Amino acid sequence: MEAASQIVNNFNPAVFLEPRGFIKVLEFVLAIFAFATTTSPDTSTTFTVKDCGIWNNKTGPVSKTFSYSYPYDLEETCFKLPLCEGNTQVQPGEFCLLEGSKSSAQFYVFVGVIVFLYCLGAIVLYVFFDELYRRNTRIVLADFIVSCVLTLFWIISSSAWAAGLDDVKLYTDPYDGGIFQTKNVLECQEKGACVTDKEGNFASLNVSIIFGFLNFVVWLGNLWFLYKETPWFKVQAKPPTQPDSVFAISSEPKTSSASKSAVPSGDGAPKGNNPQNNPNTNTSTTNPTLAVPAPSSITI
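**A short note on the state of the cysteines**
Scanning the entire structure with this criterion turns up three disulfides. The disulfide partner of Cys-52 is Cys-84, and the S-S distance across this bridge is 1.9 Å. With the S-S dihedral at roughly -65 degrees, the linkage between Cys-52 and Cys-84 falls on the left-handed side. Taken together, the positions of Cys-52 in the loop between strand S1 (42–49) and helix H3 (53–56) and Cys-84 in the loop between strand S3 (78–81) and strand S4 (93–96) put the pair 32 residues apart, joining distant regions of the chain. Here Cys-52 and Cys-84 have matching classes, each one buried. The disulfide partner of Cys-188 is Cys-194, and the S-S distance across this bridge is 1.9 Å. Linking Cys-188 and Cys-194, the disulfide has an S-S dihedral of approximately -80 degrees and is accordingly described as left-handed. With respect to burial, Cys-188 and Cys-194 carry one shared label: buried. In the protein, the bonded cysteines, numbered by position in the sequence, are linked as 1-3, 2-4, 5-6.

**Here's the deal with the packing of aromatic side chains**
Aromatic ring pairs are described here by two measures, namely the spacing of the ring centres and the angle between the planes. Scanning the entire structure with this criterion turns up 18 aromatic pairs. Joined through ring pairs, the aromatic side chains of Phe-47, Phe-66, Tyr-68, Phe-79, Phe-95, Phe-180 and Phe-202 make up one cluster. The ring of Tyr-126 is capped by Arg-20, whose NZ or CZ atom sits 4.7 Å from the centre of that ring.

**Some remarks on unusual backbone geometry**
For the bond from Tyr-70 to Pro-71, the omega torsion is 10 degrees, close enough to zero to count as cis. Positionally, Pro-71 belongs in the loop between strand S2 (62–69) and S3. Here the residue pair Leu-81 and Pro-82 is connected by a cis peptide bond, since its omega of -5 degrees sits within 30 degrees of zero. Structurally, Pro-82 can be placed in the loop between S3 and S4. The backbone phi angle of Tyr-72 is positive, close to 60 degrees, even though this residue is not glycine. By secondary structure assignment, the location of Tyr-72 is in the loop between S2 and S3. In this structure Tyr-72 comes out as buried when scored by relative accessible area, which is 1%.

**Section: the packing of helix H2 (residues 19–39) against helix H6 (residues 137–171)**
Running from N to C, H2 and H6 point in directions that differ by 30 degrees, and their axes come no closer than 14 Å. Looking at the two axes, H2 sits roughly parallel to H6. The interaxial crossing formed by H2 with H6 has left-handed handedness. Residues Lys-24, Ala-31, Ala-34 and Thr-38 of H2 lie in contact with H6, whose contacting residues are Asp-143, Ser-147, Trp-154 and Trp-161. In the contact of H2 with H6, the residues fall into four nonpolar, two polar and two charged.

**Points about H6**
An ideal rise of 1.5 Å per residue puts 51 Å on 35 residues; H6 measures up with 51 Å between its terminal C-alpha atoms. The N-capping residue of H6, defined by a side-chain oxygen 3.0 Å from the backbone nitrogen of Arg-138, is Asn-136.

**Focus on the packing of H2 against helix H7 (residues 203–227)**
The interhelical angle for the contact between H2 and H7, taken along N-to-C directions, is 160 degrees, at an axis separation of 9 Å. It follows from the interaxial angle that H2 and H7 lie roughly antiparallel. Pair H2 / H7 crosses with left-handed handedness. Across the interface between the two elements, Pro-19, Arg-20, Ile-23, Lys-24, Leu-26, Glu-27, Leu-30, Ala-31, Phe-33, Ala-34, Thr-37 and Thr-38 from H2 touch Ser-204, Leu-205, Val-207, Ser-208, Phe-211, Leu-214, Asn-215, Val-218, Trp-219, Asn-222, Phe-225 and Leu-226 from H7. For the contact of H2 with H7, a count of residues per class yields 15 nonpolar, six polar and three charged.

**Here's the deal with the sheet that holds strand S5 (residues 194–198)**
Strand order in the open sheet formed by three strands is S2-S1-S5, with antiparallel pairing between adjacent strands. Across the chains shown, the open sheet's two edge strands, defined by having one partner strand only, are S2 and S5. Each neighbouring strand pair of the sheet contributes to a mean axis angle of 25 degrees, computed without reference to strand direction.

**With respect to the pattern of salt bridges**
Here the structure, examined in full by the defined rule, presents six salt bridges. Between Arg-134 and Glu-18 there is a salt bridge whose closest N-O contact spans 2.8 Å. Of this pair, Arg-134 sits in helix H5 (residues 130–135) while Glu-18 sits in the loop between helix H1 (2–9) and H2, and the two are 116 residues apart along the sequence. On the basis of relative accessible area, Glu-18 is assigned to the partly exposed category, the value being 23%. Via salt bridges that share partners, Glu-18, Arg-20, Asp-130 and Arg-134 belong to a single interconnected network.

**Section: a nonpolar patch on the surface**
On the surface, a nonpolar cluster with roughly 280 Å² of combined accessible area is contributed by Phe-16, Val-25, Val-29 and Phe-33. Checked against the element boundaries, Phe-33 lands in helix H2.

Rules used in this analysis
Residues numbered from 1 in each chain as written. Predicted model: local features only at pLDDT ≥ 70, side-chain atom pairs only at ≥ 80, totals over all residues. Heavy atoms only, no water. Disulfide = S-S within 2.5 Å. Helix = DSSP H or I, 4+ residues; strand = E, 2+ residues; numbered from the N terminus. Buried < 20%, exposed > 50% of the residue type's maximum accessible area, 1.4 Å probe, protein only. Phe/Tyr/Trp six-rings, centres within 6.5 Å; stacked < 30°, edge-to-face > 60°. Lys NZ or Arg CZ within 6 Å of the ring centre and 35° of its normal. Axes fitted to C-alpha atoms, helices over the stretch in contact; angles between N-to-C directions. Parallel < 35°, antiparallel > 145°, perpendicular 65-115°, else oblique. Left-handed = near helix turned anticlockwise from the far one by under 90°. Contact = heavy atoms within 4.5 Å. Nonpolar A, V, L, I, M, F, W, Y, C, P; charged D, E, K, R; others polar. Expected span 1.5 Å × (residues − 1). Polar contact = N/O pair within 3.5 Å; in protein donor to acceptor, adjacent residues only side chain to side chain. Pairing = 2+ DSSP bridges. Salt bridge = Lys/Arg side-chain N within 4 Å of Asp/Glu carboxyl O. Patch = residues over 30% accessible without salt bridge, like charges linked within 9 Å, V, L, I, M, F, W, Y side chains within 5 Å. Areas by Shrake-Rupley, 256 points an atom, 1.4 Å probe, with all protein chains shown as cover.

Structure (structure tokens):
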């Protein structure tokens, strides 16, 4: 109970006013959108054989539909042959699409989930253990290094998934993907014998690519604010210390040697003009001379 109450007392919502706080929340939300828009779509492609009469003596179009979804392993997406029932020239079986994008899609979702979990942990650390975060430089450095790695993961996974999505669009198109040209689909080999009725809806997957590169930009910008928390930046930002003696200015004015010799000593009169020190001086006829000290020159 004491530990729980201490954690609650350490709650510091002011972290969200700092760049590292509200940017982490933004990264948390963008990661959810990135992998959610990749895994949620379930779409399909439909094409039609215009006339099966030449194959089974039954006129009329025949439609075929094949569906695909995450992880877009198109090699496992198949439809039955022959397209026209009763076509004895085609052996019964299945035709599967040529190539998929399973690895790139799974890696992209993996990065999104890892980032989602890391942002959640970082937010808890910032809010409830902010004092420990600032005091322990190892935690600060670990946060910065892990963020660098995740930033690199975002650009790699986004680029790979963008290329993988192009493959998905290509191989699910019956004409461009080679379905109409393959020898196994005999009913569609003649030009114009088959037409594509509906292609897959890739709007959500296109948005997932945008979120991937947007995540990379946000994480790249956040690295600067995390770097400012590290001791590496604080050492460089600290102004250099210089000895105080270099800039010390004496508060006492300097006097020249001439002014020192002109200053009266003793009772204020020079010793040479003191009648008591000079026996040849007639004190009754000689007027005493007063020595006027020379103006002192102050050197600044």
